[in-house]
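Summary of structural features
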Amino acid sequence: MATSKVYEMAVCLYNGVTMLDYQGPVENLCFWSDQAREMNKNTCGKMTDPGCTIKPTYLAHTMDPVHPTAGPAVVPTGTYDDVKKQFDIIMIPGGKVAVFTVFAF
């Protein structure tokens, strides 16, 4: 069940992020990944291979848990400073201080 292309997606996290602004899109975009199709094959039946997979990486300024506006804290999988790869997709979810927090250095 190999796909032809893996798209790397950075999900930018910050304190005050709105969880629904990133988790909903991540679930929809990653639903067709090899892993999700394999996991859901018994409940969803035969799923068409879209020819690509989207692999999310959750980034923040530090590895400390990120506290959204509501819901549980989220632990990033990496920091902006540690990233050594190029991303195909960069997702900056909304929140009360979205752009200013993500780009504050």
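For the structure itself, consult the block above.
A brief report on the enclosed structure follows. (Residues numbered from 1 in each chain as written. Predicted model: local features only at pLDDT ≥ 70, side-chain atom pairs only at ≥ 80, totals over all residues. Heavy atoms only, no water.)

**What about the pattern of salt bridges?**
For the coordinates displayed, the defined rule picks out one salt bridge. Ionic pairing is found between Glu8 and Lys85, a salt bridge with its closest N-O pair at 3.1 Å. With Glu8 in strand 1 (residues 5-12) and Lys85 in the loop between strand 3 (78-79) and strand 4 (89-91), the pair connects residues that are 77 residues apart, well separated along the chain. A residue is classified by how much of its surface remains accessible, and Glu8, at 16% relative accessible area, is buried. (Salt bridge = Lys/Arg side-chain N within 4 Å of Asp/Glu carboxyl O. Helix = DSSP H or I, 4+ residues; strand = E, 2+ residues; numbered from the N terminus. Buried < 20%, exposed > 50% of the residue type's maximum accessible area, 1.4 Å probe, protein only.)

**Structural notes on the environment of Thr62**
Looking at where Thr62 falls in the secondary structure, it is placed in the loop between strand 2 (52-60) and strand 3. Taking the C-alpha atoms as reference, Thr62 lies 9.9 Å from Leu13; in sequence the two are 49 residues apart. Dropping the residues within four chain positions of it, Thr62 is found in contact with Pro76 and Thr79. There is a polar contact of 3.2 Å between the side chain of Thr62 and the backbone nitrogen of Asp64. (Contact = heavy atoms within 4.5 Å. Polar contact = N/O pair within 3.5 Å; in protein donor to acceptor, adjacent residues only side chain to side chain.)

**A few points about the pairing of strand 2**
The pairing of strand 1 with strand 2 spans eight bridges and is classified as parallel. Bridge pairing in strand 2 links Val6 to Thr53. Summarising the sheet, strand 2 and strand 3 pair through two bridges and their orientation is parallel. Bridged to Ala60 within strand 3 is Thr79. (Pairing = 2+ DSSP bridges.)

**Some points on the packing of aromatic side chains**
All told, the structure shown has one aromatic pair when counted by the stated rule. Pairing Tyr22 with Tyr58 gives two aromatic rings, centres 6.2 Å apart and planes at 70°, and the pair type is edge-to-face. With a gap of 36 residues between them, Tyr22 in helix 1 (residues 19-30) and Tyr58 in strand 2 connect regions that are remote in the sequence. Of the two residues examined, Tyr22 and Tyr58, each falls in the buried class. One Lys or Arg, Lys5, reaches over the ring of Tyr7 and ends 5.2 Å from the middle of that ring. (Phe/Tyr/Trp six-rings, centres within 6.5 Å; stacked < 30°, edge-to-face > 60°. Lys NZ or Arg CZ within 6 Å of the ring centre and 35° of its normal.)

**Focus on helix 1**
Across its twelve residues, helix 1 extends 16 Å between first and last C-alpha, which sits within 8% of the 16 Å expected from 1.5 Å per residue. For helix 1, the set of buried residues is Tyr22, Val26 and Cys30. Buried residues in helix 1, looked at end-on, bunch into an arc of 35°, giving them a common side. Away from its buried face, by an angle of more than 90 degrees, helix 1 presents the exposed residues Leu20, Glu27 and Asn28. (Expected span 1.5 Å × (residues − 1). Arc of directions from axis to C-beta.)

Treat this as a map of the structure, not an account of what it does.
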